[in-house]
Amino acid sequence: MRLAELSEHSGVSTATIKYYLREGLLPPGRQINATTAEYDEEHLRRLRLVRAMIQVGRVPVAKVREVLGHVDDDSLGRSIRLGAALWALPQVPEPDEDDEYVRAAHQEVTTLLERLGWENAKQLTTISPAYRSLVVAVAAFRRLGYEWGAEQLAPYAELMHRTAVLDLDNLETHPSEAERVEFAILGAILNEPLLRSLHRLAQEEESTRRYGFA
């Protein structure tokens, strides 16, 4: 398809597509002549991924380029490739390691990982954005007087593990490695708000069942 057709199929303006091409977010099309290039379904799929990252995930263009660099790096193994792409997404700031609540949160999260037997997560604590986010959240609870720790978190972690199994089962239905990594990126951007919405709907439903509408 030509640029105008790619724009029509994707709903993205030609000016925006040209910008993505200049920024390296889309691979160049097959050059037909000096002024015309041809694009295919791979360009369309990548364009939709880029739009989801920028519009839904609010990921800055520079970060999108970094993530896609990992998506396209077929020299990496699957776990490293997935991890590198996900870790390139915007993350929470580093916690203040001098904060007493942060230190307590580290202890509780370490206890949680040991209780769950999550050995890989234990090995990655110093570099994992997910671990850092969890510590920040637990510290915030504890700072407000809620003694959330390993015991309270364990049932939630077990539910999340079952969710992760479903995620990877769905991921493995996609035929190519690039599609699997792209699906993981979309999962990080779209599944999290989806799961958050389901969680809130479930809370509303359970609250109404227990306490009525009053």
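Here the structure is a predicted model, which is why all the values come from computation and not from measurement. (Residues numbered from 1 in each chain as written. Predicted model: local features only at pLDDT ≥ 70, side-chain atom pairs only at ≥ 80, totals over all residues. Heavy atoms only, no water.)

> When you look at the overall build of the chain in this model, what are you seeing that I'm missing?
Summing up its helical and strand segments, the chain has ten helices and two strands in all. Traced from its N-terminal end to its C-terminal end, the chain shows the element sequence α-α-β-β-α-α-α-α-α-α-α-α. Looking at the chain as a whole, 32% of its 214 residues qualify as buried. A fraction of 61% describes how many contacts in the chain between residues 6 or more apart in sequence connect residues 24 or more apart. Roughly 13,500 Å² of accessible area belongs to the chain as shown, and the carbon and sulfur atoms make up 54% of that amount. Between the mean site of the 25 positive side-chain charges and the mean site of the 33 negative ones, the chain shows a separation of 4 Å. (Helix = DSSP H or I, 4+ residues; strand = E, 2+ residues; numbered from the N terminus. Buried < 20%, exposed > 50% of the residue type's maximum accessible area, 1.4 Å probe, protein only. Contact = heavy atoms within 4.5 Å. Areas by Shrake-Rupley, 256 points an atom, 1.4 Å probe, with all protein chains shown as cover. Lys, Arg positive; Asp, Glu negative; His and termini not counted. Charge placed at Lys NZ, Arg CZ, Asp CG, Glu CD.)

> For this particular structure, what's the right way to read a nonpolar patch on the surface?
Nonpolar side chains collect at one region of the surface, where Leu194, Leu195, Leu198 and Leu201 lie side by side and expose about 360 Å² of accessible area between them. If you trace the backbone, Leu201 turns up in helix H10 (residues 177–211). Classification of Leu201 by relative accessible area gives exposed; the value is 52%. (Patch = residues over 30% accessible without salt bridge, like charges linked within 9 Å, V, L, I, M, F, W, Y side chains within 5 Å. Salt bridge = Lys/Arg side-chain N within 4 Å of Asp/Glu carboxyl O.)

> Would you explain the environment of Ser133 in this entry?
Within the secondary structure layout, Ser133 lies in helix H8 (residues 129–143). Ser133 sits in the partly exposed class, given a relative accessible area of 25%.

> Just checking my understanding: could you explain the layout of surface pockets for this structure?
Counted as a void, the second largest pocket has a volume near 160 Å³. Around the second largest pocket, the lining residues are Arg2, Leu3, Lys18, Leu21, Gln31, Thr35, Thr36, Ala37 and Tyr39. Here the residues of the lining of the second largest pocket sort into four nonpolar, three polar and two charged. (1 Å grid on protein atoms, 1.4 Å probe; cavity = no way out; pocket = protein on both sides within 12 Å on 5 of 7 lines; lining within 4 Å. Points joined across faces, edges and corners; volume = space filled by probe spheres on them. Nonpolar A, V, L, I, M, F, W, Y, C, P; charged D, E, K, R; others polar.)

> Any chance you could explain the pattern of salt bridges here in plain terms?
A side chain with one charge can pair with a side chain of the opposite charge if their charged atoms come near. Tallying each qualifying case throughout the model produces ten salt bridges. In this structure, the salt-bridge partner of Arg132 is Glu94, at a minimum N-O distance of 3.4 Å. With Arg132 in helix H8 and Glu94 in the loop between helix H5 (78–87) and helix H6 (100–116), this pair connects stretches of sequence that are 38 residues apart. Here Arg132 falls in the buried class, since its relative accessible area comes to 15%. Of the charged contacts in the structure, one is a salt bridge between Arg210 and Glu206, with a shortest N-O distance of 2.7 Å. A residue pair is termed a helical-turn pair when its members lie 3 or 4 positions apart in one helix, as Arg210 and Glu206 do in helix H10 at four residues.

> I keep staring at the nonpolar core and nothing clicks. Help me out?
Most often, soluble globular proteins have nonpolar side chains that are buried together. Counting residues in each nonpolar core, the largest one holds 24 residues, and the members touching the most others are Tyr20, Met53, Val64 and Leu68. When residues of this core are traced back to their parent elements, those giving at least two are helix H1 (3–10), helix H2 (14–22), helix H3 (41–56), helix H4 (61–71) and H10. Counting residues per element, this core draws most heavily on H3, which supplies six residues. (Core = buried A, V, L, I, M, F, W, Y, C linked by side-chain atoms within 4.5 Å.)

> Can you walk me through the packing of aromatic side chains in this structure?
Two numbers describe a pair of aromatic rings. These are the distance of the centres and the angle of the planes. This structure, assessed with the given rule, holds four aromatic pairs. With 6.3 Å between their ring centres and 90° between their planes, Phe141 and Tyr146 make a pair best called edge-to-face. The exposure class assigned to Phe141 is partly exposed, which follows from its relative accessible area of 37%. Between Trp148 and Tyr156, the aromatic rings sit 5.7 Å apart at their centres with planes inclined by 45°, giving tilted as the arrangement. Using a relative accessible area of 46% as the deciding quantity, one classes Tyr156 as partly exposed. Joined through ring pairs, the aromatic side chains of Phe141, Tyr146, Trp148 and Tyr156 make up one cluster. (Phe/Tyr/Trp six-rings, centres within 6.5 Å; stacked < 30°, edge-to-face > 60°.)

> What should I look at first to understand the packing of H1 against H3 in this one?
When two helices pack together, their arrangement is captured by the angle between the axes and the distance separating the axes. Contact pair H1 / H3: the axes reach a minimum separation of 10 Å and the direction vectors enclose 50°. Accordingly, the angle class assigned to the pair H1 and H3 is oblique. When the axes of H1 and H3 are compared, the crossing they make is right-handed. Facing H1, whose interface residues are Leu6, His9 and Ser10, H3 presents His43, Leu44, Leu47 and Arg48. Split into classes, the residues belonging to the contact of H1 with H3 amount to three nonpolar, three polar and one charged. (Axes fitted to C-alpha atoms, helices over the stretch in contact; angles between N-to-C directions. Parallel < 35°, antiparallel > 145°, perpendicular 65-115°, else oblique. Left-handed = near helix turned anticlockwise from the far one by under 90°.)

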